[in-house]
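# A closer look at the structure
Listed below are the residues making up each chain.
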Amino acid sequence: METMSGFLVFMSLFSCLVSGFSLQNLPITSFEEGYTQLFGDKNLIVHKDGKSVRLTLDERTGSGFASNDLYLHGFFSASIKLPSDYSAGVVVAFYMSNGDMYEKNHDEIDFEFLGNIRGKEWRIQTNIYGNGSTHLGREERYNLWFDPTDDFHQYSILWSASHIIFYVDNVPIREVKRTASMGGDFPSKPMSLYTTIWDGSKWATNGGKYGVNYKYAPYIARFSDLVLHGCAVDPIEQFPKCDEGAAEDIRSMQEITPSQRGKMDIFRRKHMTYSYCYDRTRYNVALPECVVNPAEARRLRVYDPVTFGGIPRRHRNGKHRSKRSRIDGTESI
């Protein structure tokens, strides 16, 4: 075990050297410097250090905050600790959007954390929209290899002109490459960063089967290590200006190293439970940017033959269920 641990540490350091970038070197942005409260009144509390924030959902309201600046590309990150115990219907979101500026053709890049009933695990959902393409869902959904309510874990978004990469604890879990076939569906307009907690009872847990139970309120999500490392856009001139070194870091980070790609492959094989590219009940033909991986297709088809195999649903509650795989110690990410 000590040998394997040492090897993983070496590979992590090697990855940073190859990519020329380390998350530990990125500047942490204080709340006062980088953010503004969106809603929630006293349900948002900034800690004395000025760099940690607590968001609460209760019977009255949820809460949230947004970046002061718009950004056109960058690296955006937060360490998050999610509410524990019964959390069905609760949604914690860490995302980028320009919906307040472009009502009918907005862009969006989403990390959504979906609560669950007692004894069941939180799920992560990622999604992107470009140019108002909300009629096309590009969701992926995953379980995690840890309990996100026990401690803080880092969730990050890299957005460049050609790539979007989602990270969990510095492990890339999803890569979206811009293709000609996507056209304007790839997010391309300046966006703000948003962080919220809210009541998603109508859809978040089993399609709305389980809603928020305020007997367990308040639901508290904690945030720290907030990173806004990108190209801020002047709201009047609409011209992006990168922080010192940001443009170089963005170019470096969009190249996933072989070590990172290996970890991403392990994560997706063990923990991805849904991908729009394989959803045959939703799309007869996969969207043009999808690169179908036969191994992924087979695994998801076994997990849910109705959704991923196009089999007609015969019974109302006939959806196939199987236990998901977990990290078992033979492979690490």
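A few points on the structure.

About the thresholds
Residues numbered from 1 in each chain as written. Predicted model: local features only at pLDDT ≥ 70, side-chain atom pairs only at ≥ 80, totals over all residues. Heavy atoms only, no water. Disulfide = S-S within 2.5 Å. Helix = DSSP H or I, 4+ residues; strand = E, 2+ residues; numbered from the N terminus. Buried < 20%, exposed > 50% of the residue type's maximum accessible area, 1.4 Å probe, protein only. Salt bridge = Lys/Arg side-chain N within 4 Å of Asp/Glu carboxyl O. Polar contact = N/O pair within 3.5 Å; in protein donor to acceptor, adjacent residues only side chain to side chain. Pairing = 2+ DSSP bridges.

Our next topic: the state of the cysteines. A complete count under the given rule lists one disulfide for this structure. The disulfide partner of Cys 277 is Cys 290, and the gap between their sulfur atoms is 2.0 Å. Looking down the S-S bond of the Cys 277 and Cys 290 bridge, the torsion is -85°, so its handedness is left-handed. Residue Cys 277 is located in the loop between β16 (272-275) and α5 (294-303), and its partner Cys 290 is located in the loop between β16 and α5; the two are separated by 13 residues in the primary sequence. With respect to class, Cys 277 is no different from Cys 290; both count as buried.

Pairing is possible between side chains that carry opposite charge, provided their charged atoms lie close to one another. In the structure shown here, the tally under the stated rule is ten salt bridges. Across the pair Arg 174 and Glu 140 runs a salt bridge whose closest N-O atoms are separated by 3.8 Å. Taken together, the positions of Arg 174 in strand β12 (residues 171-177) and Glu 140 in strand β9 (residues 140-142) put the pair 34 residues apart, joining distant regions of the chain. A residue is classified by how much of its surface remains accessible, and Arg 174, at 2% relative accessible area, is buried.

Moving on, we get to the side chain of Ser 97. Structurally, Ser 97 is set in strand β6 (residues 90-97). When its relative accessible area of 6% is taken as the criterion, Ser 97 is described as buried. Only 3.0 Å separates the side chain of Ser 97 from the backbone nitrogen of Gly 99, close enough to count as a polar contact.

Within strand β13 (residues 192-199), six of the eight residues are buried, which leaves it mostly tucked inside the rest of the structure. Where strand β4 (residues 63-67) and β13 come together, four bridges link them in antiparallel fashion. Along β13, the bridge assignment pairs Ser 63 with Ile 197. Pairing geometry for β6 and β13, over eight bridges, is antiparallel. Pairing of Ser 97 across the sheet is with Ser 192, part of β13.

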